[in-house]
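# Survey of secondary and tertiary structure
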Amino acid sequence: MSNHDQEREQIKAERHQQRQQKVKEAVDAKVAAATEERGVLMVITGNGKGKSTAGFGTVTRAVGHGKKAAVVQFIKGGWDCGERNLLQQVGVPFVVMNTGFTWETQNREKDMAACEQTWLPAEKMLADPSIDLVLLDELTYMVAYHYLDLERVLTALKKRPAHQHVLITGRGCHRAIIELADTVSEVQSVKHAFEAGVKAQAGFDY
């Protein structure tokens, strides 16, 4: 490599270092400014695959840090669930609606009754200071279908213990819950194997 090329590479390296230093300073400033510790309300919504999976990943993370987590499953409770099989073994309590998808039951009155029976223990979890994290998996559908009163849900979320984290998953999250949330992630669908005729498979899809 010629001296000229070496100089060019040195200049590129110095510019890269300067850019990265500015990035580091900005990140460090944000880290220094984030001093508040309190429970976070997070929503994972959107039409893409992986919302519940992300929620269960957060539950696993909490358990790995010795935190107490609890899970409430709406909609998909009738399915075998690999995450439930594992997490129950380490003491994570589950409340499961256990009616399956609403297009399978085709009975609004039955679904509403099952939702109520599932929401009652969820309300208790949201008032329990010993629980560090509550996952409300697929809760968004219960509000969208008017199986649950929106204000009732908002009240339980607002009155929960100050340190308690809550994670809500599901498509079409109501704007009032999104406005209340601290963190909102939207999962978009680019491609889905199911649309190409690939069936849901244990160990990957559930």
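The structure displayed is predicted, hence computed values, not measured ones. (Residues numbered from 1 in each chain as written. Predicted model: local features only at pLDDT ≥ 70, side-chain atom pairs only at ≥ 80, totals over all residues. Heavy atoms only, no water.)

## As for the overall build of the protein
Scanning the protein from terminus to terminus reveals eight helices and six strands. For the protein, the succession of helices and strands along the chain, N to C, is α-β-α-β-α-β-α-α-β-α-α-β-α-β. Here the C-alpha atoms of the protein give a radius of gyration of 22 Å, more than 25% beyond the 17 Å that 2.2 N^0.38 yields for 206 residues. Expressed as lengths along the three principal axes of its C-alpha atoms, the size of the protein is roughly 80 × 45 × 35 Å. Counted over contacts in the protein with a minimum sequence separation of 6, partners at least 24 positions apart contribute 74%. With the model as given, the accessible surface of the protein reaches about 12800 Å², and the carbon-plus-sulfur share is 51%. Taking the 26 positively charged and 26 negatively charged side chains of the protein as two groups, their mean positions are separated by 1 Å. (Helix = DSSP H or I, 4+ residues; strand = E, 2+ residues; numbered from the N terminus. Rg over C-alpha atoms; globule rule 2.2 N^0.38 Å. Contact = heavy atoms within 4.5 Å. Areas by Shrake-Rupley, 256 points an atom, 1.4 Å probe, with all protein chains shown as cover. Lys, Arg positive; Asp, Glu negative; His and termini not counted. Charge placed at Lys NZ, Arg CZ, Asp CG, Glu CD.)

## Considering the sheet that holds strand β3 (residues 94–96)
Strand order in the open sheet formed by six strands is β3-β2-β4-β5-β1-β6, with parallel pairing between adjacent strands. Strands with a single pairing partner mark the edges of an open sheet, and in this sheet they are β3 and β6 (183–186). The sheet shows a mean angle of 10° between the axes of neighbouring strands, direction not considered. Two elements, strand β2 (residues 69–73) and β3, share three bridges in a ladder whose sense is parallel. Across the sheet, the residue bridging to Val72 is Val95, located in β3. The sheet contacts of helix α5 (residues 108–125) involve β2, β3 and β4 (133–137), and relative to β2 the element is tilted by about 160°. (Pairing = 2+ DSSP bridges. Axes fitted to C-alpha atoms, helices over the stretch in contact; angles between N-to-C directions.)

## Considering the packing of aromatic side chains
Tallying each qualifying case throughout the model produces three aromatic pairs. Judged by centre distance (6.1 Å) and plane angle (45°), the rings of Tyr141 and Tyr145 are tilted. We classify Tyr145 as partly exposed; its relative accessible area is 30%. An aromatic cluster is built from Tyr141, Tyr145 and Tyr147, whose rings are joined through pairwise contacts. (Phe/Tyr/Trp six-rings, centres within 6.5 Å; stacked < 30°, edge-to-face > 60°. Buried < 20%, exposed > 50% of the residue type's maximum accessible area, 1.4 Å probe, protein only.)

## A few points about the environment of Lys68
With respect to the secondary-structure elements, Lys68 resides in the loop between α2 (51–64) and β2. The spacing of Lys68 and Leu133 is 65 residues in sequence and 6.6 Å in space, taken between C-alpha atoms. Those residues within four positions of Lys68 in sequence are excluded, and the remaining contacts are Ser130, Ile131, Asp132 and Leu133.

## Examining the pattern of salt bridges
By the definition in use, this model includes three salt bridges. Measuring nitrogen to oxygen at the nearest pair gives 2.9 Å for the salt bridge that ties Glu116 to Arg152. Of this pair, Glu116 sits in helix α5 while Arg152 sits in helix α7 (residues 150–158), placing them 36 residues apart in sequence. Overall, the relative accessible area of 29% leaves Glu116 in the partly exposed class. Here the residues in one salt-bridge network are Glu116, Glu123 and Arg152, joined through shared partners. (Salt bridge = Lys/Arg side-chain N within 4 Å of Asp/Glu carboxyl O.)

## Some points on the packing of α5 against α7
α7 packs onto α5 with a crossing angle of 20° between their chain directions and a minimal axis gap of 11 Å. By the angle between their axes, α5 is roughly parallel relative to α7. Regarding α5 and α7, the two cross each other, and that crossing is left-handed. On the side of α5, the interface is formed by Glu116, Trp119, Leu120 and Glu123, while α7 contributes Arg152, Val153 and Ala156. Classifying every residue of the contact of α5 with α7 gives four nonpolar, no polar and three charged. (Parallel < 35°, antiparallel > 145°, perpendicular 65-115°, else oblique. Left-handed = near helix turned anticlockwise from the far one by under 90°. Nonpolar A, V, L, I, M, F, W, Y, C, P; charged D, E, K, R; others polar.)

## Observations regarding the pairing of β2
Most of β2 is tucked away, with five of its five residues classed as buried. Here β2 shows two buried faces, one formed by Ala69, Val71 and Gln73 and the other by Ala70 and Val72. Examined bridge by bridge, β2 and β4 share five bridges and lie parallel to one another. Residue pairing for β4: Gln73 is matched across the bridge by Asp137.

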